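Each chain, letter by letter, is given below.
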Amino acid sequence: MAAIVRVEGLTKTYRGGFTALDNVTLAIEEGEILALLGPNGAGKTTLISTLCGITTPTGGHASVGGHDIITGYRAARAMIGLVPQEIALEPFEKVINTVRFSRGLFGKPRDEVLIEKILRQLSLWDKRNNRIRELSGGMKRRVLIAKALCHEPRVLFLDEPTAGVDVELRRDMWEVVRDLQKSGVTIILTTHYLEEAEAMADRIAVINRGEILLIEDKTALMRRMGSKSLRIELVTSLDAIPASLATYDLDRAEDGHSLIYNYQTRAEGTGITRLLQALAEEGLSVRDIETRESSLEEIFVGLVREDAA
């Protein structure tokens, strides 16, 4: 699949000497959902702002749909929809007029059919004549998405789109994003809710201190860097782990009825069969076994800690 966004050696250094982006290089494929993850101050918003023309880079190159973000600014920006972190809307304006106005800013002709389609897609049609000030925080975020979509962009940047939104509404918005992807829109998502990235993204990019640490297929990343734990519930309680099991990475649960065995998913063998044999040889009977896989959050925290070391 062809890359619709290309970034090569992009750098942003501010007048005081602080480098927010340090030689960032990545390619974002058309039609994918890329989750851009990083701690506060990592450079996520600076990267998005630079690609959207809000911030001027001090080095490197970037293009959207083949249009350079500097020399072909207007063509590049016309392909982009941006949903910012901050909710900045005219409080006394009606929802439908707010969306119409944004379409007009891009020089697009009036299209009431498209506006209705977008508002219905975002469950805003019934609120179209409400003033912005009458909406909940979650509905205001939906208006931001509607504004970003009204000029029919091919690339959509979502900068913390579900911040401050309740769990139910957040999941509704996930469905909206998936529908947008199905329609061919490329989506770059930043989020502090790592379960959101885990549920939605095709690929994961991790940025820290202005540098891209990795960019990889989500499933492959979790398989490569993830770990699993096996909870073994015993019939009888143990006061301590037997010496014969000391070679295994085992932890004893507080109640003594369970052992936790940790192993790497990328290892050639898990060692589970040998462990179960060792338990039988020790005369320990197993009542139940439960597996647990590491989450994207645990992998992300590990990457950031390793980079900071």
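Check the entry above for the structure.
Computed from a predicted structure; not experimentally measured. (Residues numbered from 1 in each chain as written. Predicted model: local features only at pLDDT ≥ 70, side-chain atom pairs only at ≥ 80, totals over all residues. Heavy atoms only, no water.)

**What about the sheet that holds strand β10 (residues 211-217)?**
Now for step 1: What the six strands build is an open sheet, ordered β6-β7-β8-β3-β9-β10; its pairing is mixed. Where the open sheet ends on each side, the last strands, each with one partner, are β6 (80-83) and β10. Neighbour to neighbour, the strand axes of the sheet diverge by 15° on average, direction disregarded.
Now for step 2: Two strands pair when backbone bridges link them, and strand β3 (residues 33-37) and strand β8 (residues 186-190) are joined in this way by four bridges, in the parallel orientation. For Leu 34, the partnering residue across the bridge sits in β8 and is Ile 188.
Now for step 3: Contacting β3, β6, β7 (155-159), β8 and β9 (203-208), helix α1 (residues 44-51) runs over the sheet at an angle of about 150° to β7. (Pairing = 2+ DSSP bridges. Helix = DSSP H or I, 4+ residues; strand = E, 2+ residues; numbered from the N terminus. Axes fitted to C-alpha atoms, helices over the stretch in contact; angles between N-to-C directions. Contact = heavy atoms within 4.5 Å.)

**Details of the sheet that holds strand β1 (residues 3-13)**
Now for step 1: Read from one edge to the other, the open sheet built from four strands follows the order β2-β1-β4-β5, with strand pairing classed as antiparallel. Taken across any chain shown, the strands that pair with only one partner, and hence form the sheet edges, are β2 (19-29) and β5 (67-68).
Now for step 2: Bridge count between strand β4 (residues 59-64) and β5: two bridges; the pairing is antiparallel. Each bridged residue has a counterpart across the sheet, and for Ser 63 the counterpart in β5 is Asp 68.

**Considering the packing of helix α5 (residues 137-149) against helix α6 (residues 167-182)**
Now for step 1: Taken N-terminus to C-terminus, the directions of α5 and α6 make an angle of 10°; their axes are 11 Å apart at the nearest point. What the angle tells us is that α5 and α6 run roughly parallel. Facing α5, whose interface residues are Gly 138, Met 139, Arg 141, Arg 142, Ile 145 and Leu 149, α6 presents Leu 169, Asp 172, Met 173 and Leu 180.
Now for step 2: The residue makeup of the contact of α5 with α6, split by class, is six nonpolar, one polar and three charged. (Parallel < 35°, antiparallel > 145°, perpendicular 65-115°, else oblique. Nonpolar A, V, L, I, M, F, W, Y, C, P; charged D, E, K, R; others polar.)

**So, the pattern of salt bridges**
Now for step 1: Tallying each qualifying case throughout the model produces eight salt bridges.
Now for step 2: Between Glu 30 and Arg 154 there is a salt bridge, and its shortest N-O distance comes to 2.7 Å. Here Glu 30 is found in the loop between β2 and β3, whereas its partner Arg 154 is found in the loop between α5 and β7, with 124 residues between them in sequence.
Now for step 3: Taking relative accessible area as the criterion, Glu 30 reaches 29% and is therefore assigned partly exposed.
Now for step 4: Glu 32 is paired through a salt bridge with Arg 203; the nearest N and O atoms lie 2.7 Å apart. Here Glu 32, found in the loop between β2 and β3, pairs with Arg 203, found in strand β9; they are 171 residues apart in sequence, far enough to count as distant.
Now for step 5: Among the residues examined, Glu 32 registers a relative accessible area of 5% and is labelled buried. (Salt bridge = Lys/Arg side-chain N within 4 Å of Asp/Glu carboxyl O. Buried < 20%, exposed > 50% of the residue type's maximum accessible area, 1.4 Å probe, protein only.)

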